[in-house]
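Chains, contacts and geometry: an overview
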Amino acid sequence: MTWAEPSSTATALLLLGRGTDPDTEKGVECPGDLPAPSDPGLVERARAAKAALGDRVFVLGHHYQRDEVIQFADVTGDSFKLAREAAARPDAEYIVFCGVHFMAESADILTSDAQKVVLPDLAAGCSMADMAVLSQVEQAWDRFVDLGIAGDVVPVTYMNSSADIKGFVGRNDGVVCTSSNAETALRWSFEQGSKVFFLPDQHLGRNTAVLKMGFELADCVLYDPHKPGGGLSDEQLRGAKMILWRGHCSVHGRFSLDAVEDVRARVPGVNVLVHPECRHEVVNAADFVGSTEYIIRMIDEAPAGSSWAVGTELNLVRRLALAHPDKKIMFLERNVCYCSTMNRIDLPHLVWALEELVAGRVPNQITVDPSTAHFARVALDRMLALP
(Lines give C-alpha, C1' and ligand atoms only; values in the text may rest on other atoms or scores of the structure.)
Protein backbone atom coordinates (compact mmCIF):
# COMPACT_ATOMS: atom_id res chain seq x y z
CA MET A 1 0.00 0.00 0.00
CA THR A 2 1.00 3.66 -0.26
CA TRP A 3 1.38 5.33 3.13
CA ALA A 4 -0.79 8.43 3.44
CA GLU A 5 0.44 10.85 6.08
CA PRO A 6 -2.37 12.02 8.39
CA SER A 7 -3.16 15.72 8.16
CA SER A 8 -0.98 18.02 10.22
CA THR A 9 -2.02 20.94 12.35
CA ALA A 10 -0.03 24.05 13.23
CA THR A 11 0.02 22.97 16.87
CA ALA A 12 1.25 19.47 16.09
CA LEU A 13 4.02 20.79 13.88
CA LEU A 14 5.04 23.25 16.58
CA LEU A 15 5.31 20.38 19.05
CA LEU A 16 7.67 18.60 16.68
CA GLY A 17 10.06 21.55 16.68
CA ARG A 18 12.95 22.35 18.94
CA GLY A 19 11.15 24.55 21.44
CA THR A 20 11.45 23.65 25.11
CA ASP A 21 9.14 23.95 28.08
CA PRO A 22 11.26 23.60 31.24
CA ASP A 23 8.14 23.79 33.42
CA THR A 24 6.66 20.56 32.06
CA GLU A 25 9.51 18.56 30.59
CA LYS A 26 12.73 17.17 31.95
CA GLY A 27 15.66 19.47 31.46
CA VAL A 28 16.35 21.87 28.64
CA GLU A 29 17.63 21.66 25.10
CA CYS A 30 21.15 20.35 24.47
CA PRO A 31 23.95 22.90 24.55
CA GLY A 32 26.31 23.22 21.62
CA ASP A 33 25.84 23.64 17.88
CA LEU A 34 23.62 21.10 16.17
CA PRO A 35 23.69 20.55 12.41
CA ALA A 36 20.40 21.08 10.60
CA PRO A 37 18.28 17.94 9.99
CA SER A 38 18.70 18.42 6.24
CA ASP A 39 22.51 18.22 6.45
CA PRO A 40 23.38 15.48 3.93
CA GLY A 41 26.45 14.56 5.95
CA LEU A 42 24.54 13.56 9.08
CA VAL A 43 24.12 9.89 8.22
CA GLU A 44 27.79 9.47 7.39
CA ARG A 45 28.83 11.33 10.53
CA ALA A 46 26.65 9.04 12.68
CA ARG A 47 28.17 5.97 11.02
CA ALA A 48 31.68 7.27 11.51
CA ALA A 49 31.12 8.10 15.17
CA LYS A 50 29.58 4.70 15.90
CA ALA A 51 32.46 2.97 14.13
CA ALA A 52 35.00 4.98 16.10
CA LEU A 53 33.35 4.03 19.39
CA GLY A 54 32.90 0.38 18.45
CA ASP A 55 31.77 -1.88 21.29
CA ARG A 56 32.17 0.95 23.77
CA VAL A 57 28.76 2.30 22.76
CA PHE A 58 25.36 0.58 22.68
CA VAL A 59 22.50 2.50 21.06
CA LEU A 60 18.92 1.77 22.11
CA GLY A 61 15.95 2.87 20.00
CA HIS A 62 12.37 2.94 21.24
CA HIS A 63 9.67 1.85 18.79
CA TYR A 64 8.26 5.39 18.67
CA GLN A 65 11.50 6.95 17.45
CA ARG A 66 11.93 8.51 14.03
CA ASP A 67 13.21 6.23 11.27
CA GLU A 68 16.29 8.41 10.86
CA VAL A 69 17.25 7.50 14.44
CA ILE A 70 16.07 3.88 14.48
CA GLN A 71 18.48 3.02 11.67
CA PHE A 72 21.39 3.48 14.10
CA ALA A 73 19.88 1.50 16.99
CA ASP A 74 21.62 -1.72 17.99
CA VAL A 75 18.37 -2.89 19.57
CA THR A 76 14.78 -1.66 19.23
CA GLY A 77 11.94 -2.32 21.63
CA ASP A 78 9.66 -0.93 24.31
CA SER A 79 11.01 0.87 27.35
CA PHE A 80 11.54 -2.08 29.68
CA LYS A 81 12.97 -4.37 27.02
CA LEU A 82 15.52 -1.71 26.16
CA ALA A 83 16.52 -1.15 29.79
CA ARG A 84 17.06 -4.89 30.20
CA GLU A 85 19.04 -5.01 26.97
CA ALA A 86 21.30 -2.29 28.36
CA ALA A 87 21.83 -4.27 31.56
CA ALA A 88 22.75 -7.30 29.46
CA ARG A 89 25.64 -5.37 27.87
CA PRO A 90 27.99 -4.82 30.84
CA ASP A 91 30.97 -4.27 28.56
CA ALA A 92 29.38 -1.25 26.86
CA GLU A 93 30.85 1.85 28.46
CA TYR A 94 28.18 4.14 27.00
CA ILE A 95 24.45 3.48 26.67
CA VAL A 96 22.90 5.99 24.28
CA PHE A 97 19.15 5.82 24.91
CA CYS A 98 17.02 7.11 22.05
CA GLY A 99 13.81 7.39 24.01
CA VAL A 100 12.60 9.65 26.81
CA HIS A 101 13.85 10.58 30.26
CA PHE A 102 12.18 7.92 32.42
CA MET A 103 13.51 5.22 30.10
CA ALA A 104 17.07 6.46 30.48
CA GLU A 105 16.57 6.55 34.26
CA SER A 106 15.49 2.89 34.21
CA ALA A 107 18.56 2.00 32.18
CA ASP A 108 20.78 3.77 34.73
CA ILE A 109 19.07 1.87 37.57
CA LEU A 110 19.56 -1.51 35.88
CA THR A 111 23.11 -1.01 34.57
CA SER A 112 26.38 -1.00 36.50
CA ASP A 113 28.00 2.05 38.04
CA ALA A 114 30.76 1.83 35.44
CA GLN A 115 28.31 2.42 32.59
CA LYS A 116 27.14 5.87 31.55
CA VAL A 117 23.63 6.41 30.17
CA VAL A 118 23.25 9.27 27.69
CA LEU A 119 19.99 10.90 26.54
CA PRO A 120 20.70 12.82 23.31
CA ASP A 121 18.22 15.59 24.19
CA LEU A 122 17.39 16.34 27.81
CA ALA A 123 14.10 17.89 26.71
CA ALA A 124 12.84 14.44 25.70
CA GLY A 125 10.54 13.99 28.65
CA CYS A 126 7.22 12.17 29.01
CA SER A 127 4.02 14.06 29.72
CA MET A 128 2.51 11.02 31.45
CA ALA A 129 5.49 10.52 33.76
CA ASP A 130 5.46 14.24 34.56
CA MET A 131 1.82 14.00 35.68
CA ALA A 132 2.87 12.10 38.82
CA VAL A 133 5.06 14.35 40.98
CA LEU A 134 6.59 12.75 44.07
CA SER A 135 5.40 15.44 46.48
CA GLN A 136 1.82 15.06 45.23
CA VAL A 137 1.96 11.27 45.45
CA GLU A 138 3.34 11.44 48.99
CA GLN A 139 0.54 13.84 49.92
CA ALA A 140 -2.01 11.34 48.64
CA TRP A 141 -0.33 8.56 50.63
CA ASP A 142 -0.42 10.71 53.77
CA ARG A 143 -4.16 10.95 53.33
CA PHE A 144 -4.40 7.15 53.12
CA VAL A 145 -2.44 6.98 56.37
CA ASP A 146 -4.73 9.49 58.07
CA LEU A 147 -7.78 7.48 56.93
CA GLY A 148 -6.26 4.28 58.27
CA ILE A 149 -6.29 2.52 54.89
CA ALA A 150 -2.61 2.75 53.93
CA GLY A 151 -1.99 -0.75 55.30
CA ASP A 152 -4.53 -2.10 52.81
CA VAL A 153 -3.17 -0.18 49.80
CA VAL A 154 -0.50 -1.58 47.47
CA PRO A 155 1.09 1.02 45.19
CA VAL A 156 1.64 -0.05 41.57
CA THR A 157 3.39 2.16 39.06
CA TYR A 158 3.51 1.78 35.33
CA MET A 159 6.98 1.57 33.82
CA ASN A 160 6.22 4.99 32.28
CA SER A 161 7.01 6.84 35.49
CA SER A 162 9.95 8.70 36.97
CA ALA A 163 12.63 7.07 39.09
CA ASP A 164 11.24 9.04 42.06
CA ILE A 165 7.86 7.36 41.69
CA LYS A 166 9.38 3.92 41.22
CA GLY A 167 11.42 4.56 44.39
CA PHE A 168 8.26 5.57 46.28
CA VAL A 169 6.57 2.36 45.19
CA GLY A 170 9.59 0.29 46.22
CA ARG A 171 9.69 1.91 49.67
CA ASN A 172 6.01 1.16 50.19
CA ASP A 173 6.07 -2.54 49.25
CA GLY A 174 4.66 -2.05 45.76
CA VAL A 175 5.61 -3.15 42.28
CA VAL A 176 6.30 -1.81 38.80
CA CYS A 177 4.29 -3.09 35.83
CA THR A 178 4.38 -2.86 32.05
CA SER A 179 1.43 -2.85 29.67
CA SER A 180 2.21 -6.52 29.01
CA ASN A 181 2.12 -7.72 32.62
CA ALA A 182 -0.26 -5.23 34.26
CA GLU A 183 -2.83 -7.95 34.96
CA THR A 184 -0.23 -10.19 36.61
CA ALA A 185 1.05 -7.27 38.69
CA LEU A 186 -2.47 -6.36 39.81
CA ARG A 187 -3.33 -9.93 40.75
CA TRP A 188 -0.15 -10.10 42.84
CA SER A 189 -1.02 -6.77 44.46
CA PHE A 190 -4.51 -7.89 45.45
CA GLU A 191 -2.93 -10.87 47.18
CA GLN A 192 -0.97 -8.39 49.32
CA GLY A 193 -3.79 -5.95 50.06
CA SER A 194 -7.42 -5.06 49.33
CA LYS A 195 -6.72 -1.87 47.35
CA VAL A 196 -4.34 -0.72 44.63
CA PHE A 197 -3.01 2.79 44.16
CA PHE A 198 -2.23 2.84 40.42
CA LEU A 199 0.21 5.39 38.96
CA PRO A 200 0.38 7.34 36.70
CA ASP A 201 -1.84 6.12 33.83
CA GLN A 202 -5.50 5.95 34.77
CA HIS A 203 -6.47 4.23 31.52
CA LEU A 204 -4.12 1.25 31.81
CA GLY A 205 -5.20 0.76 35.42
CA ARG A 206 -8.92 1.00 34.68
CA ASN A 207 -8.78 -1.13 31.53
CA THR A 208 -6.82 -3.88 33.24
CA ALA A 209 -9.04 -3.95 36.33
CA VAL A 210 -12.35 -3.89 34.46
CA LEU A 211 -11.63 -5.80 31.25
CA LYS A 212 -9.08 -8.32 32.54
CA MET A 213 -10.05 -8.84 36.18
CA GLY A 214 -13.82 -8.39 36.12
CA PHE A 215 -14.04 -5.32 38.33
CA GLU A 216 -16.84 -2.81 37.93
CA LEU A 217 -16.19 0.78 36.89
CA ALA A 218 -17.65 1.74 40.27
CA ASP A 219 -14.75 -0.09 41.95
CA CYS A 220 -12.39 2.51 40.47
CA VAL A 221 -12.02 6.09 41.70
CA LEU A 222 -9.89 8.83 40.16
CA TYR A 223 -7.49 10.76 42.39
CA ASP A 224 -6.88 14.24 40.98
CA PRO A 225 -3.80 15.82 42.62
CA HIS A 226 -4.98 19.28 41.56
CA LYS A 227 -8.15 19.06 43.66
CA PRO A 228 -8.35 19.23 47.47
CA GLY A 229 -8.15 15.72 48.84
CA GLY A 230 -7.78 14.42 45.32
CA GLY A 231 -11.42 15.30 44.69
CA LEU A 232 -12.52 12.20 46.61
CA SER A 233 -14.47 11.78 49.82
CA ASP A 234 -13.32 9.56 52.67
CA GLU A 235 -16.13 7.14 51.80
CA GLN A 236 -15.03 6.91 48.18
CA LEU A 237 -11.46 6.09 49.17
CA ARG A 238 -12.54 3.54 51.76
CA GLY A 239 -14.88 1.84 49.28
CA ALA A 240 -12.58 1.79 46.25
CA LYS A 241 -10.60 -1.19 45.06
CA MET A 242 -8.63 0.77 42.46
CA ILE A 243 -7.43 4.30 43.29
CA LEU A 244 -6.32 5.62 39.90
CA TRP A 245 -4.00 8.59 39.52
CA ARG A 246 -5.24 11.25 37.13
CA GLY A 247 -2.60 10.78 34.44
CA HIS A 248 -2.65 9.69 30.82
CA CYS A 249 -0.59 9.37 27.66
CA SER A 250 -0.91 12.47 25.48
CA VAL A 251 -0.79 10.27 22.36
CA HIS A 252 -3.03 7.34 23.28
CA GLY A 253 -5.47 9.55 25.15
CA ARG A 254 -6.35 11.28 21.87
CA PHE A 255 -7.93 8.26 20.21
CA SER A 256 -11.72 8.50 20.34
CA LEU A 257 -14.76 6.29 20.02
CA ASP A 258 -15.80 8.44 17.06
CA ALA A 259 -12.57 7.44 15.30
CA VAL A 260 -13.34 3.75 15.83
CA GLU A 261 -16.88 4.15 14.49
CA ASP A 262 -15.63 6.22 11.56
CA VAL A 263 -13.03 3.70 10.43
CA ARG A 264 -15.52 0.82 10.71
CA ALA A 265 -17.92 2.75 8.46
CA ARG A 266 -15.19 3.52 5.91
CA VAL A 267 -13.31 0.19 5.83
CA PRO A 268 -15.42 -3.00 5.72
CA GLY A 269 -13.93 -5.80 7.80
CA VAL A 270 -11.28 -3.63 9.42
CA ASN A 271 -9.58 -4.89 12.58
CA VAL A 272 -9.20 -2.20 15.25
CA LEU A 273 -6.01 -2.74 17.25
CA VAL A 274 -5.21 -0.38 20.13
CA HIS A 275 -2.87 0.07 23.08
CA PRO A 276 -4.33 -0.31 26.62
CA GLU A 277 -3.28 3.29 27.38
CA CYS A 278 -6.29 4.34 25.28
CA ARG A 279 -9.53 5.48 26.89
CA HIS A 280 -11.84 2.84 28.28
CA GLU A 281 -14.54 3.35 25.65
CA VAL A 282 -11.97 3.02 22.85
CA VAL A 283 -10.51 -0.18 24.28
CA ASN A 284 -14.05 -1.54 24.75
CA ALA A 285 -14.85 -0.88 21.10
CA ALA A 286 -11.60 -2.33 19.71
CA ASP A 287 -11.13 -5.86 18.38
CA PHE A 288 -7.66 -6.34 19.83
CA VAL A 289 -5.87 -4.63 22.72
CA GLY A 290 -2.25 -5.00 23.74
CA SER A 291 1.19 -3.60 24.37
CA THR A 292 3.48 -2.20 21.72
CA GLU A 293 5.17 -5.57 21.30
CA TYR A 294 1.73 -7.22 21.02
CA ILE A 295 0.68 -4.73 18.33
CA ILE A 296 3.82 -5.45 16.31
CA ARG A 297 3.33 -9.21 16.63
CA MET A 298 -0.34 -9.01 15.59
CA ILE A 299 0.53 -7.09 12.43
CA ASP A 300 3.47 -9.36 11.64
CA GLU A 301 1.27 -12.45 11.92
CA ALA A 302 -1.84 -11.01 10.22
CA PRO A 303 -2.86 -12.61 6.91
CA ALA A 304 -2.15 -10.83 3.64
CA GLY A 305 -5.03 -8.68 2.48
CA SER A 306 -6.32 -7.96 5.99
CA SER A 307 -7.13 -4.41 7.10
CA TRP A 308 -5.95 -2.85 10.35
CA ALA A 309 -6.65 0.49 12.05
CA VAL A 310 -3.99 0.89 14.71
CA GLY A 311 -4.29 3.13 17.75
CA THR A 312 -0.75 3.87 18.85
CA GLU A 313 2.10 6.28 18.05
CA LEU A 314 2.32 7.36 14.41
CA ASN A 315 6.01 6.58 13.79
CA LEU A 316 5.38 2.93 14.67
CA VAL A 317 2.16 2.67 12.63
CA ARG A 318 3.86 4.16 9.58
CA ARG A 319 6.83 1.79 9.99
CA LEU A 320 4.47 -1.21 10.21
CA ALA A 321 2.55 -0.07 7.12
CA LEU A 322 5.71 0.27 5.08
CA ALA A 323 7.01 -3.10 6.28
CA HIS A 324 3.78 -4.91 5.32
CA PRO A 325 2.67 -3.67 1.87
CA ASP A 326 0.50 -6.79 1.50
CA LYS A 327 -1.80 -5.56 4.30
CA LYS A 328 -3.90 -2.42 4.62
CA ILE A 329 -2.58 -0.69 7.73
CA MET A 330 -3.86 2.72 8.72
CA PHE A 331 -3.68 5.15 11.62
CA LEU A 332 -6.83 5.08 13.74
CA GLU A 333 -7.16 8.87 13.96
CA ARG A 334 -7.21 11.15 10.92
CA ASN A 335 -5.08 13.85 12.57
CA VAL A 336 -1.36 13.65 13.28
CA CYS A 337 -0.48 12.02 16.60
CA TYR A 338 3.26 11.80 17.07
CA CYS A 339 4.80 11.62 20.51
CA SER A 340 6.22 15.13 20.45
CA THR A 341 8.81 14.59 23.18
CA MET A 342 9.99 11.26 21.77
CA ASN A 343 10.53 13.03 18.46
CA ARG A 344 12.98 15.44 20.07
CA ILE A 345 15.57 12.70 19.69
CA ASP A 346 16.38 13.46 16.08
CA LEU A 347 19.43 12.72 13.97
CA PRO A 348 21.20 16.01 14.79
CA HIS A 349 20.98 15.30 18.52
CA LEU A 350 22.13 11.71 18.06
CA VAL A 351 25.10 12.77 15.92
CA TRP A 352 26.03 15.43 18.48
CA ALA A 353 25.91 12.93 21.36
CA LEU A 354 27.98 10.32 19.52
CA GLU A 355 30.59 12.84 18.41
CA GLU A 356 30.89 14.17 21.95
CA LEU A 357 31.62 10.62 23.16
CA VAL A 358 34.24 10.20 20.45
CA ALA A 359 35.85 13.43 21.70
CA GLY A 360 36.00 12.04 25.24
CA ARG A 361 33.15 14.11 26.65
CA VAL A 362 30.00 12.53 28.11
CA PRO A 363 26.95 14.67 27.23
CA ASN A 364 23.61 14.59 28.99
CA GLN A 365 24.46 11.74 31.36
CA ILE A 366 21.40 10.48 33.22
CA THR A 367 22.03 9.47 36.82
CA VAL A 368 19.65 8.43 39.58
CA ASP A 369 20.68 9.06 43.18
CA PRO A 370 21.66 5.87 45.07
CA SER A 371 18.73 5.81 47.52
CA THR A 372 16.09 6.34 44.83
CA ALA A 373 17.84 3.83 42.56
CA HIS A 374 17.90 1.23 45.35
CA PHE A 375 14.18 1.36 46.07
CA ALA A 376 13.26 1.67 42.40
CA ARG A 377 15.31 -1.47 41.80
CA VAL A 378 13.37 -3.17 44.62
CA ALA A 379 10.10 -2.42 42.84
CA LEU A 380 11.52 -3.53 39.47
CA ASP A 381 12.88 -6.75 40.97
CA ARG A 382 9.44 -7.50 42.42
CA MET A 383 8.05 -7.21 38.92
CA LEU A 384 10.75 -9.49 37.54
CA ALA A 385 9.87 -12.07 40.18
CA LEU A 386 6.20 -12.19 39.11
CA PRO A 387 5.12 -15.51 37.60
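Reading the values: the criteria
Residues numbered from 1 in each chain as written. Predicted model: local features only at pLDDT ≥ 70, side-chain atom pairs only at ≥ 80, totals over all residues. Heavy atoms only, no water. Helix = DSSP H or I, 4+ residues; strand = E, 2+ residues; numbered from the N terminus. Buried < 20%, exposed > 50% of the residue type's maximum accessible area, 1.4 Å probe, protein only. Contact = heavy atoms within 4.5 Å. Areas by Shrake-Rupley, 256 points an atom, 1.4 Å probe, with all protein chains shown as cover. Patch = residues over 30% accessible without salt bridge, like charges linked within 9 Å, V, L, I, M, F, W, Y side chains within 5 Å. Salt bridge = Lys/Arg side-chain N within 4 Å of Asp/Glu carboxyl O. Lys, Arg positive; Asp, Glu negative; His and termini not counted. Charge placed at Lys NZ, Arg CZ, Asp CG, Glu CD. Pairing = 2+ DSSP bridges. Axes fitted to C-alpha atoms, helices over the stretch in contact; angles between N-to-C directions. Core = buried A, V, L, I, M, F, W, Y, C linked by side-chain atoms within 4.5 Å. Right-handed = clockwise from strand over helix to strand, strands pointing away. Expected span 1.5 Å × (residues − 1).

Some details on the overall build of the protein
- Each helix and strand in the protein was counted, giving 17 helices and 13 strands.
- For the protein, with 387 residues in total, the buried portion stands at 57%.
- Expressed as a percentage of contacts within the protein between residues at least 6 apart in sequence, the contacts between residues at least 24 apart total 69%.
- Element-wise, carbon and sulfur atoms account for 49% of the exposed surface of the protein, whose accessible area totals about 15,700 Å².

Some words on a negative patch on the surface
- Taken together, Glu138, Asp142, Asp146, Asp164 and Asp369 make up a surface patch of like negative charges.
- Sort the elements by how many residues they give to the negative patch and helix 7 (residues 134-147) lands first, with three residues.
- Tracing the chain through its elements places Asp146 in helix 7.
- Accessibility expressed as a relative area gives 71% for Asp146, which makes it exposed.

Some words on the sheet that holds strand 3 (residues 94-98)
- Strand order across the open sheet formed by four strands is 2-1-3-4, with parallel pairing between neighbours. Lying at the two open borders of the sheet, with one neighbouring strand each, are strand 2 (75-77) and strand 4 (116-118). Strand-to-strand twist across the sheet, computed as the mean angle between neighbouring axes with direction ignored, equals 25°.
- As judged from the three bridges shared by strand 1 (residues 57-62) and strand 2, these two strands associate in the parallel manner. Each bridged residue has a counterpart across the sheet, and for Gly61 the counterpart in strand 2 is Thr76.

Describing the nonpolar core
- If you look at the biggest cluster of nonpolar residues, it comprises 128 residues, and the most contacted ones within it are Val96, Phe144, Phe197, Phe198, Met242 and Leu332.
- With seven residues, helix 16 (residues 347-358) is the single largest residue contributor to this core.
- Those residues in contact with Phe197 that lie beyond four places of it in its chain are Val137, Ala140, Trp141, Phe144, Val153, Val154, Pro155, Val156, Ile243 and Trp245.

Brief notes about the pairing of strand 8 (residues 220-223)
- Of the strand pairs in this sheet, strand 8 and strand 9 (residues 242-245) are connected by four bridges, and their pairing is parallel. Paired with Tyr223 across the bridge in strand 9 is Trp245.
- With helix 11 (residues 234-239) bridging strand 8 and the parallel strand 9, this β-α-β connection has right-handed handedness.

As for helix 16
- Taking 1.5 Å of rise per residue, 12 residues should cover 16 Å, and helix 16 covers 16 Å from first to last C-alpha, within 8% of that figure.
- The element helix 16 is largely enclosed, with a buried count of 10 among its 12 residues.
- Within helix 16, burial applies to Leu347, Pro348, His349, Leu350, Val351, Trp352, Ala353, Leu354, Glu356 and Leu357.
- Buried-residue contacts for helix 16 involve helix 2 (42-53), strand 1, helix 3 (67-70), strand 3 and strand 4.
- With its phi angle positive at about 90°, Gly360 sits one or two positions after the end of helix 16.

Taken by themselves, the reported measurements are silent on function.
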